[in-house]
Amino acid sequence: MTEHPLTEPAMIDHLAEQEIVLNMGPQHPSTHGVLRLVLKLEGERVKSVECVIGYLHRGVEKIGENRTYAQFAPYVDRMDYVSAVSNGLGYCLAVEKLINVEAPPRAQAVRVLFAELNRIASHLLWLGTHALDIGAMTALFYTFREREDILKIFENYCGARLTTHAFRIGGLQYDLYEGFEQECAKFCESFKHRIEDYEKLLTQNPIWQDRLVGVGILNAEDCKRYGVSGPMIRAAGEAWDLRKAQPYSGYEQYDFDIPVRTGADSYDRYLVRIEEMRQSIRIIEQALGRIPGGAILAKVPKVLKPAPGEVYVSIEAPKGELGYFLVSDGTLHPYRVRVRPPSFINLATLEKMAVGALVADVVAIIGTIDIVLGEVDR
Amino acid sequence: MSQEAKPDPVMASEAWEDPLTERLSAAFPNLHLSFGKFRDQAFVSVPAADLPALVTYLRDQEQYDYFADLTVVDYPAMPERFELVVHLYSFAHNQRLRVKARLADGQSFPTLSGLFPAANWLEREAYDMFGVTFAGHPNLKRMLLPYDWQGHPLRKENSIIAMDNDWVKRHLGIESGQ
């Protein structure tokens, strides 16, 4: 009987040393779109990762230079398409800063309401799909049920569910619809119990904890060096939220906490986002009680020609610091539109966090970074 | 559209005086730093070669320890056509600061990726979009566009229509209907 070649000692040694290059994506269910990773593996351990992105690049910044300020507004909804309201808010605030206009109080309150509803919708989509990646399928059906309620409110308000284009430069185009406040209050009341349900499903679940605790650690020091923002840096112990640090749209009037954890791992990022949804509900309930009356649109010239100059305005989007750097040359078109995408900058840390992790953990780490490829690639 | 040749805009700004500007001028007596402000947003311009020194100083001495963004603006009519724009943030002071440096086409900015890893991908994107190079960057290749892409789309001379026509001609061998 001849020996199988694989049992030759020399052969086994050779195999043990081999490094495997594994291509993951761009069409892969757990990369949340078209992210491609080139993983170098030693057994199950990741030695290095390279992200290959750009599959969804649409040249948003170039398009911006060829549109007027108002024409470009709907395009920003298509970047982070699960939180289009935040994209629009950031863009409107940036143009308003450039032309030195402030939205009226009523518009600001409505903007806060929709931005917070959108934060919940974005976190719900994240929670459902992330749980699905980890193998917990049930959560998805729960979170999408609640997200549907929010999207219905958006639809009733402006006719669109995802790419809402809800705001206008200088305020709002539409006033609130009849019954908005009741619908919103009803949603808040029921959603408080829903969050308890998600937590019952996941927080103490031993499989959930095994997959997330201690996985993908990125401490506060590294978060700062990599420019990480949003729930990721707050899960690393840094209580930094632009709604508090540099308030916009009247956020200073609302009483809410910044959820902070210190574990800096995937599990803590999950807990931070859960708590953020609770805080968003707090903000919405406060805002509902005191929506000021009055105009919804400030005086903005029909033909916008901002004076030459440049501004950088950023907001706390669900995924982190979303910034717009606008350069005006005094003409109808922006001279330069730069978007500072939180997903893109947070994703860069994957190349650090995944080293030494297991292949299955890479999926969990991508999940808790919370990326949207429309925003990464623009 | 905005593609035809025209003079580059002159950006409005007002004087910015602050203890920080004095400390910076004192720390870099031999550099020509210029300070300005627009809509309450402060900026400092620095010769490109001294960019790393200034950013290091701001990070270590002035606690501007968060690298928010890096991008480029193209002013083709000026001899130094590319303006690098870096947005720094300080957690301690809750302040933002814009640092700018200019260079002509073909020259290299010094990389900031050694100071802030965040600059790594952002510089790659700037290279991809503008063809601006960064000396000392560990992995300067295209970020968003395919590796075989020709040209750098955010340069002002590249119009959307011309890029589309060119791509269709090269890849499909037909005239684009645009």
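Residues numbered from 1 in each chain as written. Chains lettered and ligands numbered in written order. Predicted model: local features only at pLDDT ≥ 70, side-chain atom pairs only at ≥ 80, totals over all residues.

Examining the overall build of chain B
So, point 1. Secondary structure summary: chain B contains 4 helices and 7 strands in total.
So, point 2. Going from the N terminus to the C terminus, chain B shows its helices and strands as α-β-β-α-β-β-β-β-α-β-α.
So, point 3. Structurally, chain B occupies a C-alpha span of about 60 × 35 × 30 Å along its principal axes.
So, point 4. Going through the 178 residues of chain B one by one, you find that 35% of them count as buried. (Helix = DSSP H or I, 4+ residues; strand = E, 2+ residues; numbered from the N terminus. Buried ≥ 20, exposed ≤ 12 C-beta atoms within 10 Å, placed from the backbone.)

Examining the sheet that holds strand E2 (residues 36-42) of chain A
Residue and element names in this part refer to chain A.
So, point 1. Strand order in the open sheet formed by 3 strands is E1-E2-E3, and the pairing between neighbours is antiparallel. The open sheet has two edge strands, strand E1 (20-24) and strand E3 (45-52), and neither has a second partner. The average undirected angle you get between the axes of adjacent strands in this sheet is 20 degrees.
So, point 2. For E1 and E2, the ladder comprises 5 bridges, and the chain directions are antiparallel. If you follow methionine 24 over to E2, its bridge partner there is leucine 37. (Pairing = 2+ DSSP bridges. Axes fitted to C-alpha atoms, helices over the stretch in contact; angles between N-to-C directions.)

Description of the nonpolar core
So, point 1. Ala94, Val95, Leu113, Leu326, Leu350 and Ile365 of chain A together with Leu88 of chain B are the most contacted members of the largest nonpolar core, which has 152 residues in total.
So, point 2. Considering every element that reaches this core, the biggest residue donor is helix H5 (residues 105-134) of chain A, with 16 residues. (Core = buried A, V, L, I, M, F, W, Y, C linked by C-beta atoms within 7 Å.)

Section: the pairing of strand E5 (residues 95-103) of chain B
Look at any regular strand and the pattern is simple: side chains alternate between the two faces of the sheet.
All names here are of chain B.
So, point 1. Two strands pair when backbone bridges link them, and strand E2 (residues 41-45) and E5 are joined in this way by 3 bridges, in the parallel orientation. By the bridge assignment, valine 44 is partnered in E5 with valine 99.
So, point 2. Hairpin geometry of strand E4 (residues 82-90) and E5 is characterised by an intervening segment of 4 residues between the two adjacent antiparallel strands and by a positive phi of about 50 degrees at asparagine 94.

A short note on the pairing of strand E3 (residues 66-74) of chain B
Residues and elements named next belong to chain B.
So, point 1. In terms of burial, E3 is a largely internal element, 9 of the 9 residues being buried.
So, point 2. Of the strand pairs in this sheet, E3 and E4 are connected by 8 bridges, and their pairing is antiparallel. By the bridge assignment, leucine 70 is partnered in E4 with valine 86.

A short note on the packing of H5 of chain A against helix H6 (residues 138-158) of chain A
Residues and elements named next belong to chain A.
So, point 1. Remark: H5 packs on H6, axes separated minimally by 8 Å, with the N-to-C direction vectors making an angle of 160 degrees. What the angle tells us is that H5 and H6 run roughly antiparallel. Crossing of H5 over H6 shows left-handed handedness. Contact residues: Leu117, Ile120, Ala121, Leu124, Leu125, Leu127, Gly128, Thr129, Ala131 and Leu132 in H5; Ala139, Leu140, Thr143, Phe144, Glu146, Arg147, Ile150, Leu151 and Ile153 in H6.
So, point 2. By residue class, the composition of the contact of H5 with H6 is 14 nonpolar, 3 polar and 2 charged. (Parallel < 35°, antiparallel > 145°, perpendicular 65-115°, else oblique. Left-handed = near helix turned anticlockwise from the far one by under 90°. Contact = placed C-beta atoms within 7 Å. Nonpolar A, V, L, I, M, F, W, Y, C, P; charged D, E, K, R; others polar.)

Details of the interface of chain B and chain A
So, point 1. Each partner contributes to the interface: chain B provides 33 residues, whereas chain A provides 39 residues.
So, point 2. The set of elements that each furnish at least two residues to the side of chain B that touches chain A consists of E3, E4, E5 and helix H3 (118-130) of chain B.
So, point 3. For the side of chain B that touches chain A, the element with the most residues is E3 of chain B, which contributes 6 residues.

Quick notes on H6 of chain A
Residues and elements named next belong to chain A.
So, point 1. The end-to-end C-alpha distance of H6 is 31 Å, a good match for the 30 Å that 21 residues give at a rise of 1.5 Å each.
So, point 2. For H6, the full list of buried residues reads Ala139, Thr143, Glu146, Arg147, Ile150, Ile153, Phe154 and Tyr157. End-on, the buried residues of H6 take up no more than an arc of 105 degrees, which puts them together on one face. In H6, those exposed residues whose orientation departs by more than 90 degrees from the buried face are Phe141 and Arg145.
So, point 3. On its buried face, H6 sits against H5 and helix H7 (180-202). (Expected span 1.5 Å × (residues − 1). Arc of directions from axis to C-beta.)

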